[in-house]
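Coordinates in review
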Amino acid sequence: MERFDLIVIGGGPGGYLCAERAAQGGLRVVLIEGKHLGGTCLNEGCIPTKTLLYSAKLYRHATESEDFGVIGEKVVFDHAKVIQRKGRVVKSLVNGVASAMKANKVTVVTENGRIAGRTAEGFRVLAGEQEYVGDRLVLATGSETAIPPIPGLKEALASGFAVTNRELLDCEKLPETLAVIGGGVIGLEMACYFASVGTHVTVIEALPKIAGPVDPEMCRIIMDAYKDAMDFKLSCPVKELTADGVVYEQDGQRQELKCDMVLVSVGRKPFTAGLGLETLGVETDRGAIVTDRHMCTNVAGVYAVGDCNGKAMLAHTAYREAEVAVRHMLGQPDEVRYNVIPTVLYTEPEVADVGETKESAEALGLHVKEIKLPMNYAGRYQAENEKGKGFIKLVVDMDTHRVLGCHMIGSYASELILPAAMMVDTELPVERLKKMVFPHPSVGEIIREALFQL
Ligand code: NAI
């Protein structure tokens, strides 16, 4: 039996950052991870997809650049090489996490952890042959792909005809045709990669629009950008999988689409099964561990950060939650502001959001103005995207003169959402923000242009 101040179960962004920060705060920490440090984000999510999408972007630029005076003779896309590069990037970042743990003297245990209750000495966690006892416990077990009860899906997953994003990210041969079930974030990012590099992709979405809460006009721009390489079947719930196709319903009619491969991306769910939560009486709600704004569960000393609490399944939310949990342990008050968490859809063009929309702010009874401007107002945007249809929407509270939200589609949106989020988070008045100097020429000047419309 080994004693620690803190036991962290799960080595993804929530877990490893928690371990690092707690160790920096003077706690003796053990981090228990059954697979790889870095979790879903580093190994089968954020980082691998962005590695692939960057190759797709280079390919698109090389093959669609005639208007820019660049004519490629014979541009070849080597998907297997892309997958190999992805492996190197992931490995390097995972090693980086391991080094950070070592540098901060965090004990890392590569076993599945299972809570085994509590004694007078502390919380007990079993991992392999060992038992660990800790004063505090952080649950950071992440999420897993939701597999809906669609007839034929289990069999299709078993045969390899249907895959989740995890398997697809390792598939070295490009399928000729790919059906994507679910036009949410995972479905769209994977669809954009495969459609950009030669696969014919069909996105089958149950709802009348793709990308969940994303602005409908932005969704139309994305659909338009991929119209030659992708089909979108909207309002088409998938009903069944056959040995070589997907059956969906369209206007009450049964339709079947034959394809080489199927991606299942209809959501993710918190991963808490078999964790032993019942031994401590930790409260859950539909599988998600219930937490307050300090990441505390109903059991004093037990915290839950990241996807397993089901609040916002994003790596950067997990980071912030990890910091808040550790600060709570150290007696430093802090809390997560869930309404100021940026979200990004890494399609081309990129979509990024933070804070309120005009509609959500008005629903809160606020008196707001929405400024909408085409990205073309920014000189650099035009220099790089003559035909680009990007735009920004800035939502401002007209009573307090504070920026409440920002929504963008266009190049660099994923990076430009950060200054916008700073404006929302710091609640600086618009008059103060107008005094900021933006570099010229930069696409970010669009934010300054929007501020000056007030
Ligand atoms: P999602 O919830 O974003 O999208 C799932 C989609 O599947 C929905 O549009 C839903 O209407 C549709 N659907 C459900 N059942 C269906 C059926 N039978 N037939 C057709 N369509 C059906 O879930 P997704 O894409 O799997 O992503 C899961 C989580 O991963 C997200 O919550 C997100 O937080 C995270 N993520 C974030 C990324 C980012 O921030 N860039 C990238 C990838 C994942």
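Attention here is on the structure that accompanies the text. (Residues numbered from 1 in each chain as written. Predicted model: local features only at pLDDT ≥ 70, side-chain atom pairs only at ≥ 80, totals over all residues. Heavy atoms only, no water.)

**Here's the deal with the pairing of strand β6 (residues 130-139)**
- Pairing geometry for strand β1 (residues 2-9) and β6, over 7 bridges, is parallel. Paired with E2 across the two strands is Y132, which belongs to β6.
- Relative to β6, strand β5 (residues 122-127) is paired through 5 bridges, and the arrangement is antiparallel. Paired with R124 across the two strands is V133, which belongs to β6.
- Counting the residues that bridge the hairpin from β5 to β6 gives 2 residues, and of these G128 lies at a positive phi of roughly 60°.
- Note: β6 against strand β19 (residues 302-304), 3 bridges, orientation parallel. The residue bridging L137 from the neighbouring strand is V302, located in β19. (Pairing = 2+ DSSP bridges. Helix = DSSP H or I, 4+ residues; strand = E, 2+ residues; numbered from the N terminus.)

**Quick word on the site of the ligand**
- Neighbouring the ligand are 23 residues, the closest being I186, E205, G267, M313 and V344.
- V344 is positioned such that a nitrogen or oxygen atom in its backbone is 2.8 Å from a nitrogen atom of the ligand.
- Taking 850 Å² as the accessible area of the ligand by itself, protein coverage stands at 76%.
- In terms of residues, the shell around the ligand owes the most to one element, helix α7 (residues 185-196), which gives 4 residues.
- Its residues placed into classes, the shell around the ligand shows 15 nonpolar, 5 polar and 3 charged. (Near = heavy atom within 4 Å. Polar contact = N/O pair within 3.5 Å; in protein donor to acceptor, adjacent residues only side chain to side chain. Areas by Shrake-Rupley, 256 points an atom, 1.4 Å probe, with all protein chains shown as cover. Nonpolar A, V, L, I, M, F, W, Y, C, P; charged D, E, K, R; others polar.)

**So, unusual backbone geometry**
- With omega at 5°, the peptide bond leading from E348 into P349 counts as cis.
- As for its position among the elements, P349 is in the loop between β20 (343-345) and β21 (351-355).
- Cis peptide bonds are those with omega within 30 degrees of zero, and the linkage from H440 to P441 qualifies with -5°.
- The topology assignment puts P441 in the loop between α13 (430-433) and α14 (445-451).
- Phi at A211 is positive, roughly 60°, even though this residue is not glycine.
- Structurally, the position occupied by A211 is in the loop between β10 (200-204) and α8 (216-225).
- By relative accessible area, which is 8% here, A211 ends up buried. (Buried < 20%, exposed > 50% of the residue type's maximum accessible area, 1.4 Å probe, protein only.)

These values are about where atoms sit, not about what they do.
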